[in-house]
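A closer look at the structure
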Amino acid sequence: MTTSEAAKRLRGWFAGRLPEDWFEDAPEIVLDREEVSVIGRLPVPAAAEGVSDAERAGVIAGHVERFRDETRDRRIGIAREAEQRFGHKVSWGVECGGEREMFTTLSVPVMTRLRQPERRVLDTLVEAGVARSRSDALAWCVRLVGKNTDEWLAELRSALQHVERARAAGPQA
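All of the points below concern the structure found in this document. (Residues numbered from 1 in each chain as written. Predicted model: local features only at pLDDT ≥ 70, side-chain atom pairs only at ≥ 80, totals over all residues. Heavy atoms only, no water.)

**Let's talk about the overall build of the protein**
What the protein contains, in helices and strands, is five helices and four strands. If you list the helices and strands of the protein from N to C, you get α-β-β-α-β-β-α-α-α. On C-alpha atoms alone, the protein measures out to a radius of gyration of 20 Å, which is more than a quarter above the 16 Å that the 2.2 N^0.38 rule sets for 173 residues. The 173 residues of the protein split such that 27% are buried. Of the contacts made within the protein by residues no fewer than 6 positions apart, 53% connect residues no fewer than 24 positions apart. Just so you have it, the protein exposes about 12,400 Å², and 51% of that area is on carbon and sulfur atoms. Each charge class in the protein can be summarised by its mean position, and for the 27 positive and 29 negative side chains these summaries are 7 Å apart. (Helix = DSSP H or I, 4+ residues; strand = E, 2+ residues; numbered from the N terminus. Rg over C-alpha atoms; globule rule 2.2 N^0.38 Å. Buried < 20%, exposed > 50% of the residue type's maximum accessible area, 1.4 Å probe, protein only. Contact = heavy atoms within 4.5 Å. Areas by Shrake-Rupley, 256 points an atom, 1.4 Å probe, with all protein chains shown as cover. Lys, Arg positive; Asp, Glu negative; His and termini not counted. Charge placed at Lys NZ, Arg CZ, Asp CG, Glu CD.)

What follows is the structure in structure tokens.
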């Protein structure tokens, strides 16, 4: 099964399994080798309208926490079902008022070989206090690249989907 087919099956399963009143629309489902992230959009509470920015942030933060607390047991149950069915850990998050908060995520070790110039970049980030360790520095670099190249990465992911479709349509071994 291709990655895009797996993502479609996951989206379909979560669409059928999640309570309809949890999110404003279908949640965003993000899949990689180890983890499925389910990110739903919560409506902005009426109490957040017409107040100061600080009060609005507080109302939204409280709303997110309430959702997290009230849905915890059901989210855990659904995650266990999905993990058993699809073989991936499930992480949860929400978006509300333009802010995204992940409740749970995996931190997965990734091995890499770096030459001295690349190691010096990481060491500089550590020495400058940007990161606590080489591992943190590497994660910081990956986040920075992702943030600054979102459009390019989206095009690359789209191209990979076309490749997967072409492979699926080709002769079967």
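**Considering the packing of aromatic side chains**
Enumeration according to the criterion identifies seven aromatic pairs in this entry. A centroid spacing of 6.1 Å and a plane angle of 75° characterise the contact between Trp22 and Phe23, whose relative ring orientation is edge-to-face. Each member of the pair, Trp22 as well as Phe23, carries the same accessibility label: buried. Between Trp22 and Phe67 the ring centres are 5.8 Å apart and the planes differ by 85°, which places this aromatic pair in the edge-to-face class. Of this pair, Trp22 sits in the loop between α1 (3-17) and β1 (28-31) while Phe67 sits in helix α2 (residues 53-86), placing them 45 residues apart in sequence. The exposure class assigned to Trp22 is buried, which follows from its relative accessible area of 8%. (Phe/Tyr/Trp six-rings, centres within 6.5 Å; stacked < 30°, edge-to-face > 60°.)

**A closer look at the sheet that holds strand β3 (residues 89-96)**
Taken in spatial order, the four strands of this open sheet run β1-β2-β3-β4, and their pairing is mixed. Only two strands of the sheet have a single neighbouring strand rather than two, namely β1 and β4 (99-102). Averaged over neighbouring strand pairs, the angle between their axes works out to 20° when direction is ignored. Taken together, the seven bridges between strand β2 (residues 35-41) and β3 define a ladder with parallel strand orientation. Pairing of Ile39 across the sheet is with Gly93, part of β3. Packing against the sheet, α2 makes contact with β3 and β4, and its axis sits at approximately 155° to β3. (Pairing = 2+ DSSP bridges. Axes fitted to C-alpha atoms, helices over the stretch in contact; angles between N-to-C directions.)

**Notes on the pairing of β4**
Of the strand pairs in this sheet, β3 and β4 are connected by four bridges, and their pairing is antiparallel. Bridge pairing in β4 places Val94 opposite Glu101. Counting the residues in the hairpin turn of β3 and β4 gives two residues, including Gly97, whose phi is positive at 60°.

**Quick word on helix α4 (residues 134-148)**
Compared with the 21 Å implied by 1.5 Å per residue over 15 residues, the 21 Å span of α4 between its first and last C-alpha is a close match. Those residues of α4 lying buried are Ala137, Cys141 and Gly146. Looking at the buried residues of α4, the elements they touch are α3 (116-127) and α5 (150-169). (Expected span 1.5 Å × (residues − 1).)

**Points about the pattern of salt bridges**
Tallied over the entire structure, the rule returns ten salt bridges. Here Arg72 ties to Asp69 by a salt bridge, and the two come within 3.3 Å at their closest N and O atoms. With Arg72 and Asp69 both in helix α2 and three residues apart, the pair spans about one turn of that helix. The partly exposed category is assigned to Arg72, whose relative accessible area is 32%. The exposure class of Asp69 is partly exposed, given its relative accessible area of 45%. Note that Glu83 is salt-bridged to Lys89, the shortest N-O span being 3.7 Å. A residue is classified by how much of its surface remains accessible, and Lys89, at 45% relative accessible area, is partly exposed. Each of Glu24, Asp25, Glu28, Arg41, Glu95 and Arg100 takes part in one network of salt bridges that share partners. (Salt bridge = Lys/Arg side-chain N within 4 Å of Asp/Glu carboxyl O.)

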